[in-house]
Amino acid sequence: YSSMQAFTTRMAEQDEGTTALRCIALPIGPDAYFAGKTLRESGIAARNQCLVIGIERLGRVSMNPALDEVLSQDARLWVVGEPDALMELIRANMA
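This section reports on the structure supplied with the text. Everything quoted here is computed from the prediction, not taken from an experiment.

Focus: the overall build of the protein
Here comes step 1: Looking only at helices and strands, one finds 4 helices and 4 strands in the protein.
Here comes step 2: Each helix (α) and strand (β) of the protein, taken in turn from the N terminus, gives the series α-β-α-α-β-β-β-α.
Here comes step 3: Out of the 95 residues belonging to the protein, those deemed buried represent 35%.
Here comes step 4: Taking contacts inside the protein between residues at least 6 apart in sequence as the whole, the part at least 24 apart equals 67%.
Here comes step 5: Of the roughly 5800 Å² of accessible surface on the protein, a fraction of 53% belongs to carbon and sulfur atoms.

Let's talk about the layout of surface pockets
The probe, sized like a water molecule, is rolled over the atoms to show the empty space still left.
Here comes step 1: Estimates place the volume of the largest pocket at around 170 Å³.
Here comes step 2: Around the largest pocket sit Leu 39, Arg 40, Gly 43, Ile 44, Ala 45, Ala 46, Cys 50, Leu 51, Val 52, Asn 64, Pro 65 and Leu 67, which together line it.
Here comes step 3: Contributing elements (two or more residues each) for the lining of the largest pocket: helix H2 (39-42), helix H3 (44-48) and strand S2 (51-57).
Here comes step 4: No other element matches the 3 residues that H3 contributes to the lining of the largest pocket.

Considerations on the packing of aromatic side chains
Here comes step 1: Counted according to the given criterion, the structure contains 1 aromatic pair.
Here comes step 2: Between Tyr 33 and Phe 34, the aromatic rings sit 5.4 Å apart at their centres with planes inclined by 70 degrees, giving edge-to-face as the arrangement.
Here comes step 3: Sitting over the face of the ring of Tyr 33, Lys 37 holds its NZ or CZ atom 4.2 Å from the ring centroid.

Brief notes about the nonpolar core
Here comes step 1: Counting residues in hydrophobic clusters, the biggest one holds 18 residues, and the most contacted among them are Phe 34, Ile 44, Cys 50, Leu 77, Val 79 and Leu 89.
Here comes step 2: When residues of this core are traced back to their parent elements, those giving at least two are strand S1 (22-27), S2, strand S4 (76-81) and helix H4 (83-94).
Here comes step 3: Examining the composition of this core, we find that 4 residues originate from one element, H4, more than from any other.
Here comes step 4: When neighbours within four sequence positions are excluded, Ile 44 is seen to be in contact with Phe 34, Leu 39, Gln 49, Cys 50, Val 52, Leu 77 and Leu 89.

Some details on the pattern of salt bridges
Here comes step 1: Under the definition given, this model contains 2 salt bridges.
Here comes step 2: Arg 57 is the salt-bridge partner of Glu 69, the closest N and O atoms lying 3.1 Å from each other. Taken together, the positions of Glu 69 in the loop between strand S3 (60-63) and S4 and Arg 57 in strand S2 put the pair 12 residues apart, joining distant regions of the chain.
Here comes step 3: The exposure class assigned to Arg 57 is partly exposed, which follows from its relative accessible area of 22%.

Analysis parameters
Residues numbered from 1 in each chain as written. Predicted model: local features only at pLDDT ≥ 70, side-chain atom pairs only at ≥ 80, totals over all residues. Heavy atoms only, no water. Helix = DSSP H or I, 4+ residues; strand = E, 2+ residues; numbered from the N terminus. Buried < 20%, exposed > 50% of the residue type's maximum accessible area, 1.4 Å probe, protein only. Contact = heavy atoms within 4.5 Å. Areas by Shrake-Rupley, 256 points an atom, 1.4 Å probe, with all protein chains shown as cover. 1 Å grid on protein atoms, 1.4 Å probe; cavity = no way out; pocket = protein on both sides within 12 Å on 5 of 7 lines; lining within 4 Å. Points joined across faces, edges and corners; volume = space filled by probe spheres on them. Phe/Tyr/Trp six-rings, centres within 6.5 Å; stacked < 30°, edge-to-face > 60°. Lys NZ or Arg CZ within 6 Å of the ring centre and 35° of its normal. Core = buried A, V, L, I, M, F, W, Y, C linked by side-chain atoms within 4.5 Å. Salt bridge = Lys/Arg side-chain N within 4 Å of Asp/Glu carboxyl O.

This is the structure:
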């Protein structure tokens, strides 16, 4: 039972019956699905209905990243979306 699974379980339990937006930090590790893809290729906005508001690398945050920004394995994405969409995004990144 990973810490990411525990996080998604807690998020689901806290958000039953609500549609409030949430913001999460999504780490892009070496085995992440999104690693090496551009923001456009990732489909985060189109498929997951989430908005990447920033990309953090080495402690620096780039706000409103361009769609051709490559998601490197050392990045952390700051993403806004509804809880269900964010949980699906987390699952997709782990695939």
